[in-house]
Amino acid sequence: MTDKVREATGFQEQAGYDESIDLRTDFVMVYGLNDTTAERIGRWREAGYRVHLMTGISWGTYQDYLDGRWDGAGHWDDAQTTADGKPILHGESTDIPYMVPTFGFTEYLVQKLRPIIGLGVEGIHLEEPEFWARAGYSESFKREWQAFFKEPWQPPHSTPEAHFRSGQLKQHLLSRSLDRVTSVLRDEALGQGREVHFYVPTHSLLNYTQWQIISPESRLRTLPSIDGAIAQVWTGTSRTPNVYDGKVAERTFETAYLEYGIAQDLTRGTDRRMWFLHDPIEDHPDRTWEDYLANYRRTLVASLLHPGVSRYEVAPWPHRIFNRPYLREGSTERELIPPDTATSYLIAMNSLRDLDQPDVRWAHEGPRVGIALSDTAMFQRWSPGGGEGGHYDGLQDALALEGRKQLHFSDFYGLALPPLYEGQRVAPVQLENVIDTPDALDDVDVLVLSYEFQKPLAPSIHYALAGWVNRGGSLLYVGNGADPYHEIRSWWTGRYDTCADHLAEALGADSTRDDVQPVGRGRVRFLAARPADFTEKPAELVAALRELAEAGGHTWQPTNWLAVQRGPYLIGAVLHGTHVVEGTYLDLLDPRLGVVHRRELGPGDLTWLRDLSYDDATLLASAGRIVNWHQDSASITYTCEAPRGITVTTALRLPTAPTTVTVDSHYDPETHLLHLTHPSSPTGTPVTITL
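Right, let's walk through the structure included here. Keep in mind that what you see is a predicted model, and the values were worked out from it rather than measured. (Residues numbered from 1 in each chain as written. Predicted model: local features only at pLDDT ≥ 70, side-chain atom pairs only at ≥ 80, totals over all residues. Heavy atoms only, no water.)

Topic: the sheet that holds strand β28 (residues 625-631)
Defined as follows: In short, DSSP must find at least two bridges between two strands for them to pair. For the purposes of this entry, the term helix denotes a DSSP run of H or I that reaches at least four residues, the term strand denotes a run of E that reaches at least two, and both are numbered from the N terminus.
A sheet is described by the order of its strands in space; here four strands give the open sequence β28-β29-β34-β31, paired in antiparallel fashion. Every interior strand has two partners, whereas the edge strands, β28 and β31 (660-661), have only one. Examined bridge by bridge, strand β29 (residues 635-641) and strand β34 (residues 685-690) share six bridges and lie antiparallel to one another. When the sheet's bridge partners are listed, T637 is paired in β34 with T688.

Right under this line is the structure:
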């Protein structure tokens with residue numbers, strides 16, 4: 001738990017070092033390029049951190065490039081531009097546009113980042129490669145269109161084909177820029193005898209599609225100088241409303257669960273690293289402490305239900321968590337973080353370092369349901385004549401926005417939410433991965449696929465799917481062919497009415513039949529329906545999935561309890577109804593680390609517990625980082641590190657009451673637990689326990 005080389009936990013921060021935000025994680029990502037960068041890197045390193053650098057790849061304080069100070073020429077024509085000729089600006093800024101990643105801007109980034117190599121950072125993070133779907137009207141983009149497609153530019157929103165092609169070009173430009181920056185800098189670092197790793201912090205494919213943004217996503221797996229990614233999933237992305245059973249609502253836990261699920265496919269099956277992001281505050285400044293904490297826990301537990309990942313970015317911007325005031329429920333006054341909330345956050349952050357557990361047991365061993373999601377879904381986030389486009393980045397009140405039906409992305413959620421609310425292990429699957437990753441579908445029993453909101457970029461996808469079905473997989477295709485994007489110029493047009501017809505040919509199946517068809521050792525069913533319809537009538541999709549699962553020899557048993565045990569840790573969520581947990585547990589969501597013997601959980605309730613019967617470990621949990629641990633028959637000594645201003649709670653297990661403890665403590669002879677509390681210090685609080 002004290003080895004930092006694995007870089008199990010980290011955070012990003014643009015402020016200089018301060019004891020109140022010294023979270024004592026393994027590494028820190030110093031944010032931004034300015035004249036204080038070198039000083040900030042040095043100071044965080046002095047505090048004992050492995051140091052990375054993070055900066056935006058699509059936006060940032062790059063005014064010297066825009067206004068001509070960099071090379072003597074202005075470059076505002078490299079700003080992403082909407083149809084009315086206005087640049088798309090980041091947040092509430094007036095001079096920070098999202099950039100078209102031209103060759104010129106890419107070379108500027110290389111030169112800006114080159115000095116960072118000499119500062120000895122362990123890694124460089126190029127965050128949020130983003131191109132808005134509503135952009136594509138700048139002069140630089142028009143030139144790139146001509147070069148890429150060998151034909152004159154078309155207004156992206158003039159036809160479905162123009163919009164789809166615009167998305168393809170945007171993804172290409174972002175990928176090209178990332179490849180150039182990382183490859184050049186890696187080569188120069190190696191020439192200096194240094195090894196620097198490059199990572200891409202990125203929203204999930206699900207969120208980018210929902211918010212109408214194009215990003216490289218699956219292309220990141222093909223860029224040789226990319227060493228991994230951070231899945232930027234947090235309250236701000238996951239509380240975007242969607243529809244289930246006819247009701248529009250925020251479903252933060254369920255959406256986060258699906259977001260983390262698809263994000264894993266950025267690195268799954270490779271030796272690249274993946275961190276899951278949690279954000280205790282999110283970007284919206286006018287919510288309450290109670291709201292922040294509740295939704296943080298929803299994303300936290302959702303992430304822990306994916307045991308394939310055990311590295312975490314525990315917070316972006318700890319300065320805004322611990323040093324900014326926010327509202328409390330029922331009050332109009334803002335105040336700094338409540339003490340119990342601060343302790344609760346730190347217990348979670350420190351416990352995350354222990355999640356690399358080989359022993360994984362699911363509470364429910366039903367069929368594993370995959371929902372295919374392609375990069376091309378990002379290219380289709382506009383309905384011709386629908387008038388439902390526009391801008392959403394998590395800062396608006398989505399429930400109050402009018403005309404935002406498209407924001408719900410009901411085509412996807414209509415397929416994903418019905419089996420999830422049945423308690424099945426649902427996981428979105430990156431469709432492109434089936435081409436070059438032989439085991440991409442090894443963890444899937446039933447795959448749901450639709451081309452009504454996305455398209456296959458190559459026919460080889462269908463041959464890979466046919467091979468999987470022939471080996472025993474079950475495929476449910478949902479679609480009625482009504483999507484206007486079926487008619488764009490692509491590999492299937494002119495030969496097939498829709499790409500689903502080629503899928504049927506590859507399978508040797510009849511797409512006009514409405515029953516389960518055997519294919520080798522597997523099976524397929526074609527369901528002629530709009531995926532979005534199942535947000536109104538989910539039972540119809542569940543019936544089709546159940547039929548396929550049972551035909552494949554699986555038992556479809558509905559449950560309201562989605563839970564997994566990772567070593568000693570029980571993580572679970574109640575989807576609806578109630579569920580009772582019984583045993584002897586330590587509650588890791590309780591700032592006092594209380595003991596749970598029986599707990600009845602209601603709809604939407606979450607839990608993260610440490611099973612006290614799993615092992616006989618002495619150290620159980622703490623709001624601080626425990627270092628210099630020494631235990632013998634006479635005493636226990638250790639040092640506890642935590643950011644200044646926190647009340648630290650630590651739970652130990654001892655067979656008998658200690659003789660002396662150098663900090664405040666309470667021993668419970670029934671549970672054999674010793675709870676210790678003391679003020680925090682990032683340099684460490686020494687603790688001695690005489691046995």
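Looking at the sheet that holds strand β30 (residues 647-653)
Here is the rule: Each axis is a line fitted through C-alpha atoms, and for a helix only the stretch in contact is used; angles between axes span 0 to 180 degrees, taken between their N-to-C directions.
Taken in spatial order, the four strands of this open sheet run β27-β30-β33-β32, and their pairing is antiparallel. Every other strand in the sheet has two partners, leaving β27 (619-622) and β32 (664-668) as the edge strands with one partner each. Shown here is a sheet whose adjacent strand axes are inclined to one another by a mean of 15°, direction ignored. With seven bridges joining them, β30 and strand β33 (residues 673-679) adopt antiparallel strand pairing.

Some thoughts on helix α15 (residues 499-507)
To keep things clear, this is the line we draw: Using a 1.4 Å probe on the protein chains alone, a residue whose accessible area is under 20% of its type maximum counts as buried, one over 50% counts as exposed, and one in between counts as partly exposed. Only heavy atoms matter for contacts: two residues are in contact if any of them lie within 4.5 Å across the pair.
Turning to α15, its buried residues are C499, A500, H502, L503, A504 and L507. Close packing links the buried residues of α15 with β18 (446-449), α14 (460-470), β19 (474-478), β20 (517-519) and β21 (522-527). G508 sits one or two residues past α15 and shows a positive phi near 75°.

Points about the packing of aromatic side chains
This is how it is decided: The pairing test for Phe, Tyr and Trp rings, Trp by its six-membered ring, is centres within 6.5 Å, and the orientation test on the planes gives stacked under 30 degrees, edge-to-face over 60, and tilted for anything in between. Charge-over-ring contacts are defined here by two conditions on Lys NZ or Arg CZ: a distance within 6 Å of the ring centre and an angle within 35 degrees of the ring normal.
Evaluated as defined, the whole model comprises 37 aromatic pairs. Their ring planes at 75° and their centres at 5.0 Å tell us that Y17 and W44 sit as a pair that is edge-to-face. Taken as a pair, Y17 in the loop between β1 (9-13) and β2 (27-31) and W44 in helix α1 (residues 37-46) lie far apart in primary sequence, 27 residues in all. As far as the burial class goes, Y17 and W44 line up, both buried. For the ring pair Y62 and Y108, a centre distance of 5.6 Å and an interplane angle of 80° mean the geometry is edge-to-face. In this pair, Y62 is assigned in the loop between β3 (50-56) and α2 (63-66) and Y108 in helix α3 (residues 103-117), connecting sequence segments 46 residues apart. The class for Y108 is buried, based on a relative accessible area of 1%. In this structure an aromatic cluster arises from ring pairing among Y62, Y65, W70, F105 and Y108. Positioned above the aromatic ring of Y49, the side-chain terminus of K4 is 5.8 Å from the ring centre. Stacked on the ring of Y569, the Lys or Arg R610 has its end atom at 5.7 Å from the ring centre.

Some words on the packing of helix α8 (residues 252-263) against helix α9 (residues 289-304)
As a reminder, the rule being used: By the definition used in this description, the sense in which the near helix is turned from the far one sets the handedness, with an anticlockwise turn below a right angle giving left-handed and a clockwise turn giving right-handed. Nonpolar residues are Ala, Val, Leu, Ile, Met, Phe, Trp, Tyr, Cys and Pro. Charged residues are Asp, Glu, Lys and Arg, and all others, Gly as well, are polar.
Contact pair α8 / α9: the axes reach a minimum separation of 8 Å and the direction vectors enclose 35°. In the crossing of α8 with α9, the sense of the turn from one axis to the other is right-handed. The segment α8 lies against α9, with T252, F253, A256, Y257 and Y260 engaging N295, R298, T299, V301, A302 and S303. Residue classes in the contact of α8 with α9 are distributed as six nonpolar, four polar and one charged.

A look at unusual backbone geometry
Not every positive phi belongs to a glycine, and E282 is a case in point at roughly 70°. Mapped onto the elements, E282 comes out in the loop between β11 (273-277) and α9. By relative accessible area, E282 is classed as buried at 2%. Phi angles above zero are rare outside glycine, and H672 is one such case at about 65°. Structurally, H672 is set in the loop between β32 and β33.

Describing the nonpolar core
Quick note on the threshold: Among buried residues, those of type Ala, Val, Leu, Ile, Met, Phe, Trp, Tyr and Cys that are joined through side-chain atoms within 4.5 Å constitute a nonpolar core.
Ranked by internal contacts, the top residues of the largest apolar core, which has 207 residues, are I124, L258, L507 and W608. Sorting elements by how many residues they give to this core places helix α5 (residues 160-191) first, with nine residues. Among residues more than four places away in sequence, those in contact with I124 are L53, L113, I116, I117, V196, H197, F198 and Y199. Counting residues in each nonpolar core, the second largest holds nine residues, with V581, Y585, L601 and L609 among its members.

Considering the side chain of T106
This is how the line gets drawn: Pairs of N or O atoms are called polar contacts if they sit within 3.5 Å, as long as, within protein, a hydrogen donor faces a hydrogen acceptor (for residues adjacent in sequence, only side-chain-to-side-chain pairs).
The residue T106 is located in helix α3 in this model. Separated by 2.8 Å, the side chain of T106 and the backbone oxygen of T102 make a polar contact. Ignoring anything within four residues of it in the chain, the contact list for T106 reads P101, S177, R180 and V181.

A closer look at the environment of Y108
Once the C-alpha coordinates of Y108 and D64 are considered, the two residues, 44 residues apart in sequence, prove to be 9.9 Å apart. Within the local environment of Y108, its side chain forms a polar contact with the side chain of D64, the two groups lying 2.6 Å apart.

What to know about the packing of α8 against helix α12 (residues 410-421)
Put simply, the rule is: Oblique is the label for any angle not covered by the other classes, which are roughly parallel (under 35 degrees), roughly antiparallel (over 145) and roughly perpendicular (65 to 115).
Orientation of α8 relative to α12, taken along the N-to-C sense of each, is 105°, at an axis distance of 11 Å. One element, α8, and the other, α12, form an angle in the roughly perpendicular class. Only F412, Y413, A416, L417, L420 and Y421 of α12 make contact with α8, whose side of the interface consists of E254, T255, Y257 and L258.

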